[in-house]
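Reading the structure
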Amino acid sequence: MPYVHVLGGPRHSQLMTDPTPTSALSARRAVHVLAKPTGAICNLDCTYCFFLSKEELYPGSPFRMTDEVLESYIRQVIETQKGPHVVIAWQGGEPTLMGRDFFKRALDLVKKHLRSEMTVEHTIQTNGILLDDEWCVFFRDNDFLVGLSMDGPREMHDAYRVDKARAPTFDKVLGAARLLQSHDVQLNVLCAVHAANVEHPVELYRFFRDEVGTRFLQVTPVVERATPELLTLANRGWGRQDGNRRLYVQEGNLVTDRSVRPDAWGRFLIEIFDEWVRRDVGTVFVQMFDSALASWLGLENPMCVFNETCGNAPALEHNGDLYSCDHFIQPEYLLGNIESRHMRELVHSDRQRAFGEAKLTTLPRYCRECDVRFACHGECPRNRFTRTPDGEYGLNYLCAGYKAFFQHIDRPMKVMATMLRQGRYADEVMQILEPPTPERAD
């Protein structure tokens, strides 16, 4: 999803540039629904995209959200919010396959149902393949925040992000970034971190900063679980391969060859952070670092994966089915359909509450006693499938990487947190830290 939920800031982090007392920046937890108007249907065939397999949940479906479901979604997501702000978020699959007229109808419905005291934010996550001048003008004129999926320089991006003919997509996606920028569309980049780019963190970061010119960056680790029986099939990818595709579910304690390894993930974050904290604080916004700073300030974390509990980010399928989470779209996590039961009831049901609280109640003792628990809280339950050193099940697969990262950033985070509490700017940290090492100086 696009980079919007940063301490309640509508477009980007306030923490790095705004010396407002931190109490005024505390986030109000809202219900954030990821709507998938085309379901799992996409015009790409990214090898690591397990969501492609979710097509198997709806055999024979046209995979297009009807106008009836569209209005139910818009009306109900507005009615479900307790606060004065609502995010209308589109994801896929590839949502631009619905065409601009669909999103124009959505905008009309927002105007119809939005309460007078409310503000609205429109976001869309796209692979960029279908974008043209008309799309960009539409996004700009309607104040959309666009998240563009891109995995780094050509070789890193094209390793797994391919089209249905297995052809590379880098040139088209870079072209989409340039087009969005030329039309002054608010843009951030979502980079999936996997085996092809995890060992090149600084090169990747500088590419996005210097060549793409993005100021807002998300990095998310690819972790694809598999059982011993399904590992070979999973390693082939999740597209339609000889009709032998299986539904991806959160099962198994093995991972695909594309998945990041815990130690590599930790090094990746550390090396990017070291580059960023010495030269880019306040000018480049990396969601992972904003999120960490919130934890060091004692605020609610803007990333659900680092909160103590979860459950406020359900996913809506094209037909109105609402699931507990985008990463748990599988039958046992289906809450119901918004055409037969209001979203508010589903989100606040005992079943969904139990789903969210299980993140806390199943946390292993090893995690509960960890010195960086306040920043991590065991990360996302989808990745908790390994064992602690004393044999307890439920340790996050990426634990070693996160622990190394959070311990590494402790001092600069404390410096920035102190500055903000004093009404100063976080970017002053760059004057306090040692200058860059020669090999990283430009």
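What you are looking at is a predicted structure, and each value in this text was computed from that prediction instead of being measured.

Cut-offs used in this document
- Residues numbered from 1 in each chain as written.
- Predicted model: local features only at pLDDT ≥ 70, side-chain atom pairs only at ≥ 80, totals over all residues.
- Heavy atoms only, no water.
- Helix = DSSP H or I, 4+ residues; strand = E, 2+ residues; numbered from the N terminus.
- Rg over C-alpha atoms; globule rule 2.2 N^0.38 Å.
- Buried < 20%, exposed > 50% of the residue type's maximum accessible area, 1.4 Å probe, protein only.
- Contact = heavy atoms within 4.5 Å.
- Areas by Shrake-Rupley, 256 points an atom, 1.4 Å probe, with all protein chains shown as cover.
- Lys, Arg positive; Asp, Glu negative; His and termini not counted.
- Charge placed at Lys NZ, Arg CZ, Asp CG, Glu CD.
- pLDDT = per-residue confidence, 0-100.
- Arc of directions from axis to C-beta.
- Salt bridge = Lys/Arg side-chain N within 4 Å of Asp/Glu carboxyl O.
- Polar contact = N/O pair within 3.5 Å; in protein donor to acceptor, adjacent residues only side chain to side chain.
- Pairing = 2+ DSSP bridges.
- Axes fitted to C-alpha atoms, helices over the stretch in contact; angles between N-to-C directions.
- Disulfide = S-S within 2.5 Å.

Examining the overall build of the protein chain
A count of helical and extended segments in the protein chain gives 16 helices and 14 strands. For 442 residues, the compact-globule estimate of 2.2 N^0.38 gives 22 Å, and the protein chain sits close to it at 21 Å. Taken over the C-alpha atoms alone, the protein chain extends approximately 60 × 55 × 45 Å along its principal axes. The 442 residues of the protein chain split such that 58% are buried. Pairs at least 24 apart in sequence give 73% of the contacts found in the protein chain among residues at least 6 apart. Total accessible area on the protein chain is roughly 17900 Å²; 50% of this is exposed by carbon and sulfur atoms. Each charge class in the protein chain was averaged separately, 51 positive and 60 negative side chains, and the resulting centres sit 3 Å apart.

A few points about the confidence of the model for the protein chain
Averaged over every residue, the pLDDT of the protein chain is 92; the share at 70 or more is 91%. Residue range residues 4-12 is modelled with pLDDT below 50. Its contacts to residues more than four positions away, or to other chains, number 33 contacts. Between residues 19-28, whose pLDDT stays under 50, and residues either more than four places distant or in other chains, the model counts 18 contacts.

Overview of helix 14 (residues 399-408)
Taken together, the buried positions of helix 14 are occupied by C399, G401, Y402, F405 and F406. Seen along its axis, helix 14 keeps its buried residues to an arc of 160 degrees; they face one direction.

Some points on unusual backbone geometry
Here G92 and G93 are connected by a cis peptide whose omega angle stands at 5 degrees. Secondary-structure assignment places G93 in the loop between strand 2 (85-90) and helix 2 (100-113). One non-glycine residue, D143, lies in the positive phi region at around 60 degrees. The topology assignment puts D143 in the loop between helix 3 (133-141) and strand 4 (144-149). Given the relative accessible area of 42%, D143 is considered partly exposed. One non-glycine residue, H377, lies in positive phi territory at about 55 degrees. Position of H377 among the secondary structure elements: in the loop between helix 13 (373-376) and strand 13 (384-387).

Section: the side chain of R382
With respect to the helices, strands and loops of the structure, R382 is situated in the loop between helix 13 and strand 13. E379 is the oppositely charged side chain nearest to the buried, salt-bridge-free R382, at an N-O distance of 4.7 Å. Within polar-contact distance, the side chain of R382 engages the side chain of H327 at 3.5 Å. Contact partners of R382, with chain neighbours within four places excluded, come to R225, Q250, V305, H327 and F328.

Focus on the sheet that holds strand 1 (residues 34-35)
Taken together, the 10 strands give an open sheet; going across it, the order is 9-6-5-4-3-2-1-10-11-12, and neighbouring strands pair in mixed fashion. The sheet is open, and its two edges are formed by strand 9 (285-286) and strand 12 (334-337), each paired on a single side. Judged from the two bridges that link them, strand 1 and strand 10 (residues 315-316) form a sheet pairing that is parallel. Within strand 10, the residue paired with A35 across the bridge is L316. Sheet contacts for helix 1 (residues 67-80): strand 1, strand 2 and strand 10; angle to strand 2, the most-contacted strand, approximately 150 degrees.

What about the state of the cysteines?
What is meant by a disulfide is a covalent connection between two cysteines, made through their sulfur atoms. Going through the model one piece at a time under the given rule, you end up with zero disulfides. Free of any disulfide, C325 has its nearest neighbouring cysteine sulfur in C380, separated by 5.6 Å. C370 takes part in no disulfide bond, and the closest cysteine sulfur, belonging to C399, lies 6.3 Å away.

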